Amino acid sequence: MDLAPSRPTYCVVDLAAIQYNLRRMQRITNTDVMAVVKADGYGHGAVEVARAAAAAGAAWLGVAFAGEGLALRRAGLGTDILVLGYTPPHLAGEAIEHDLALTVYDLEVARAYATAARVLNKRARLHVKVDTGMGRLGVDPAGAGPLVKAMEQLDGARVEGVFTHFATADSADQSYALEQLRRFQDVVDHLELPGREPILIHAANSPAALALPAARFDLVRMGIALYGLNPSAEVPVPPDFLPALEWKSTVSQVKTLPPGSPVSYGGEYVTRSAETLAVIPVGYGDGFRRHPKNAAQVLIGGQRVPVVGRVCMDQVVANVSEAPGVKLGDEVVLIGRQGEAAITADDAAAWWGTINYDVVTGIMARVPRLYRR
Ligand SMILES: *Cc1c(COP(=O)(O)O)cnc(C)c1O
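Everything quoted here is computed from the prediction, not taken from an experiment.

Considering the overall build of the protein
Part 1 of the reasoning: A tally of helices and strands in the protein yields 11 helices and 20 strands.
Part 2 of the reasoning: Across its three principal axes, the protein shows a C-alpha extent of roughly 80 × 45 × 40 Å.
Part 3 of the reasoning: Taking all 373 residues of the protein together, 52% fall into the buried category.
Part 4 of the reasoning: At a minimum sequence separation of 6, the contacts of the protein that also span at least 24 residues come to 66%.
Part 5 of the reasoning: With the model as given, the accessible surface of the protein reaches about 16,000 Å², and the carbon-plus-sulfur share is 52%.
Part 6 of the reasoning: Computing the positive centroid from 36 side-chain charges and the negative centroid from 39, the protein places the two 3 Å apart.

Topic: the side chain of Thr 31
Part 1 of the reasoning: Its location among the elements puts Thr 31 in the loop between α1 (15-29) and β2 (32-36).
Part 2 of the reasoning: When its relative accessible area of 10% is taken as the criterion, Thr 31 is described as buried.
Part 3 of the reasoning: Separated by 2.7 Å, the side chain of Thr 31 and the backbone oxygen of Thr 29 make a polar contact.
Part 4 of the reasoning: Excluding residues that lie within four positions of it along the chain, Thr 31 makes contacts with Gln 26, Arg 216, Phe 217, Asp 218, Leu 219 and Val 220.

Brief notes about the site of the ligand
Part 1 of the reasoning: All residues adjacent to the ligand are Lys 38, Tyr 42, Leu 84, His 165, Asn 205, Ser 206, Pro 207, Arg 221, Gly 223, Ile 224 and Tyr 357.
Part 2 of the reasoning: Gly 223 is positioned such that a nitrogen or oxygen atom in its backbone is 2.9 Å from an oxygen atom of the ligand.
Part 3 of the reasoning: For the ligand, whose unbound accessible area comes to 390 Å², protein coverage reaches 92%.
Part 4 of the reasoning: Contributing elements (two or more residues each) for the shell around the ligand: α2 (38-42) and α9 (206-211).

Some words on the pattern of salt bridges
Part 1 of the reasoning: Taken as a whole and judged by the stated rule, the model has 19 salt bridges.
Part 2 of the reasoning: In this structure, a network of salt bridges that share partners links the residues Asp 80, Asp 99, Arg 125, Arg 158 and Glu 160.

What to know about α1
A turn of α-helix holds 3.6 residues, and therefore any two residues three or four places apart point the same way.
Part 1 of the reasoning: For α1, with 15 residues, the first-to-last C-alpha span of 21 Å sits near the 21 Å given by 1.5 Å per residue.
Part 2 of the reasoning: Buried residues of α1: Leu 15, Ala 17, Ile 18, Gln 19, Asn 21, Leu 22, Arg 24, Met 25 and Thr 29, and no others.
Part 3 of the reasoning: Looking at the packing, one finds that the buried side of α1 touches β1 (10-14), β2, α3 (46-55), α9, β9 (219-222) and β20 (369-372).
Part 4 of the reasoning: A side-chain oxygen of the first residue of α1 lies 3.0 Å from the backbone nitrogen of Ala 16; this N-cap is Asp 14.
Part 5 of the reasoning: Positioned one or two residues after α1, Asn 30 has a phi angle of 50°, which is positive.

Cut-off values and rules
- Residues numbered from 1 in each chain as written.
- Predicted model: local features only at pLDDT ≥ 70, side-chain atom pairs only at ≥ 80, totals over all residues.
- Heavy atoms only, no water.
- Helix = DSSP H or I, 4+ residues; strand = E, 2+ residues; numbered from the N terminus.
- Buried < 20%, exposed > 50% of the residue type's maximum accessible area, 1.4 Å probe, protein only.
- Contact = heavy atoms within 4.5 Å.
- Areas by Shrake-Rupley, 256 points an atom, 1.4 Å probe, with all protein chains shown as cover.
- Lys, Arg positive; Asp, Glu negative; His and termini not counted.
- Charge placed at Lys NZ, Arg CZ, Asp CG, Glu CD.
- Polar contact = N/O pair within 3.5 Å; in protein donor to acceptor, adjacent residues only side chain to side chain.
- Near = heavy atom within 4 Å.
- Salt bridge = Lys/Arg side-chain N within 4 Å of Asp/Glu carboxyl O.
- Expected span 1.5 Å × (residues − 1).

As far as function goes, none of this settles anything; it's purely spatial.
So this is what it looks like as structure tokens:
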């Protein structure tokens, strides 16, 4: 494949992997799938991922806020889109005009949406979010039924879905997720929907879709697994899922420093012997984290080598003394495979004290994304 990145540090996103993961989820769950592409498609590129997912049969796209959905519409995506977060009333008109479905949990806000829709001679498409124990966004279970009922009376609004979100579906211990599911099922069982078409019920994120079949309902909301990444160590994706993102760079200089030479800001790292060092043009300004305990590694010459000294904004230094023959222009892998060696987003998450979601979402916009189809 001919790649001509606009800088020596870049990501390669395999859209066929995205499509494979989506189809695997469809087959495993036998349920419609919402491809969750918030936060620029978990750092992979929302428009490209959404197009690939839609072409592979994603029934819905999920975004965090209305602007993300509007960007997909501007890019020509016609798939159903649900805004999972809060939409302030002053932004509702544009969202409704572009046929975005909105999340609601408050009757006053729902009324404002209905008013905005009537101005456009449309009906707002609304999904009621129930807080069954996540303790975040949503109406409490006792208020859900009355809210749905009141919304059914609103001119300019249409209750299209009812949903909830799990707090612990990525844990091997399913007891709390099962309790949330029980509360949600109770809400669903008591919905009063006189003479209307059936409503879309959804609850599962990636780990629940994989590990909690009773939570699949009409639609599963697939985020992290779409990208081929594990929801957690306790609830991993099946082994054939394909990580879609590689993060690469290029050696910009190789030098050998004598023993006792400080490396990078603060001079905290000092060479112990004559060490051969490779300078790599990636830093915390790209999302390669500046963690106080620098435990990061990179792949050069098919080998794992340690990053030494402080991570700078635009550069890091790796000790390549154990990887002979490294030269200017060589490929560096920050996440992905090189020969037999691999670094996963989970590895990077462990070095940086976080989760794989945060690692890939944190790769900054200035890192170009190249797409493999
Ligand atoms: C982000 C999000 C998801 C996707 O979660 P994953 O764990 O990445 O699959 C699903 N539902 C809601 C409400 C979300 O905010």
